[in-house]
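One letter stands for each residue in the lines below.
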Amino acid sequence: MGGYACANGDTWSSEFGVLSKRDPVLITTLKKVPKGTNGGISLEGVLASALGGSLVGLGLTLSSFLASGLQPQYLWLRTIPFGALVGLFGSFLDSFLGATLQYSGWDATTKKVVNHPRPNVTHISGADILDNHFVNFLSVTLVTILTGLVAPYFY
């Protein structure tokens, strides 16, 4: 469940976070940054990441019931909130990795956030070490491992 909750939480936070009327803040400094900056977070995005993780927990509850006849009467009390926590944690981890290891800069010519340094680009955050695909891979892998280590204590 960990990897799915992380990926879904991160996706939902990105997709719903950009709908915020306010600019996001950088997870490492809490200073305002332009929308689209790697590592930028918003209240809407944070809530969406928890909701996305919850949906994965709900899916696990329903699939457990359908596949094995396992009575979900109390399973959802732990699985859905656990999914929310994992989605939230995964989204924060992804944002932290993006803010520190993934370049974000403001291109004065196009008036957009870009992911690589070049002329006319002002650095916003992050080193030019990882791209978005590897940040996603790393956060999902780490959250999957951590979820496997933590889940036995949660259930």
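Preceding block: the structure.
Just so it is clear, the model here is predicted, and its values are computed rather than measured.

(A) The pattern of salt bridges, seen in detail. Using the criterion set out here, one finds two salt bridges in the structure. Close ionic contact of Asp 107 with Arg 118 constitutes a salt bridge, the shortest N to O distance being 3.1 Å. Within this pair, whereas Asp 107 is found in strand S3 (residues 104-107), its partner Arg 118 is found in the loop between strand S4 (112-114) and strand S5 (121-125), the two being separated by 11 residues in sequence. Given the relative accessible area of 4%, Asp 107 is considered buried. In this structure Arg 118 comes out as partly exposed when scored by relative accessible area, which is 43%.

(B) Layout of the packing of helix H1 (residues 2-17) against helix H4 (residues 132-154). It is the contact of H1 with H4, at a shortest axis distance of 7 Å, that shows an interaxial angle of 140 degrees. The angle between H1 and H4 places the two elements in the oblique class. Seen from above, H1 lies across H4 with right-handed handedness. Touching Gly 2, Gly 3, Cys 6, Ala 7 and Asp 10 of H1 are Asn 136, Ser 139, Val 140, Val 143, Thr 144 and Thr 147, all from H4. Its residues assigned to classes, the contact of H1 with H4 comprises four nonpolar, six polar and one charged.

(C) Looking closely at the environment of His 123. Here His 123 shows up in strand S5. With a relative accessible area of 45%, His 123 lands in the partly exposed category. Sequence spacing of His 123 and Leu 26 is 97 residues, and the spatial spacing of their C-alpha atoms is 13 Å. Those residues in contact with His 123, other than ones at most four positions away along the chain, are Tyr 103, Ser 104 and Gly 105. Polar contacts involving the side chain of His 123 include one to the main-chain carbonyl oxygen of Ser 125, which spans 3.3 Å. Side-chain polar atoms of His 123 contact the backbone oxygen of Gly 126, separated by 2.8 Å.

(D) Spotlight on the packing of H1 against helix H2 (residues 43-68). Where H1 contacts H2, the two axes come as close as 7 Å, and the packing angle between them is 145 degrees. Helix-helix and strand crossings are classified by hand; for H1 and H2 the assignment is right-handed. Residues Tyr 4, Ala 5, Asn 8, Gly 9, Trp 12, Ser 13, Phe 16 and Gly 17 of H1 lie in contact with H2, whose contacting residues are Glu 44, Gly 45, Ala 48, Ser 49, Leu 51, Gly 52, Gly 53, Leu 55 and Val 56. For the contact of H1 with H2, the class distribution of residues is eight nonpolar, eight polar and one charged.

Parameters and conventions
- Residues numbered from 1 in each chain as written.
- Predicted model: local features only at pLDDT ≥ 70, side-chain atom pairs only at ≥ 80, totals over all residues.
- Heavy atoms only, no water.
- Salt bridge = Lys/Arg side-chain N within 4 Å of Asp/Glu carboxyl O.
- Helix = DSSP H or I, 4+ residues; strand = E, 2+ residues; numbered from the N terminus.
- Buried < 20%, exposed > 50% of the residue type's maximum accessible area, 1.4 Å probe, protein only.
- Axes fitted to C-alpha atoms, helices over the stretch in contact; angles between N-to-C directions.
- Parallel < 35°, antiparallel > 145°, perpendicular 65-115°, else oblique.
- Left-handed = near helix turned anticlockwise from the far one by under 90°.
- Contact = heavy atoms within 4.5 Å.
- Nonpolar A, V, L, I, M, F, W, Y, C, P; charged D, E, K, R; others polar.
- Polar contact = N/O pair within 3.5 Å; in protein donor to acceptor, adjacent residues only side chain to side chain.

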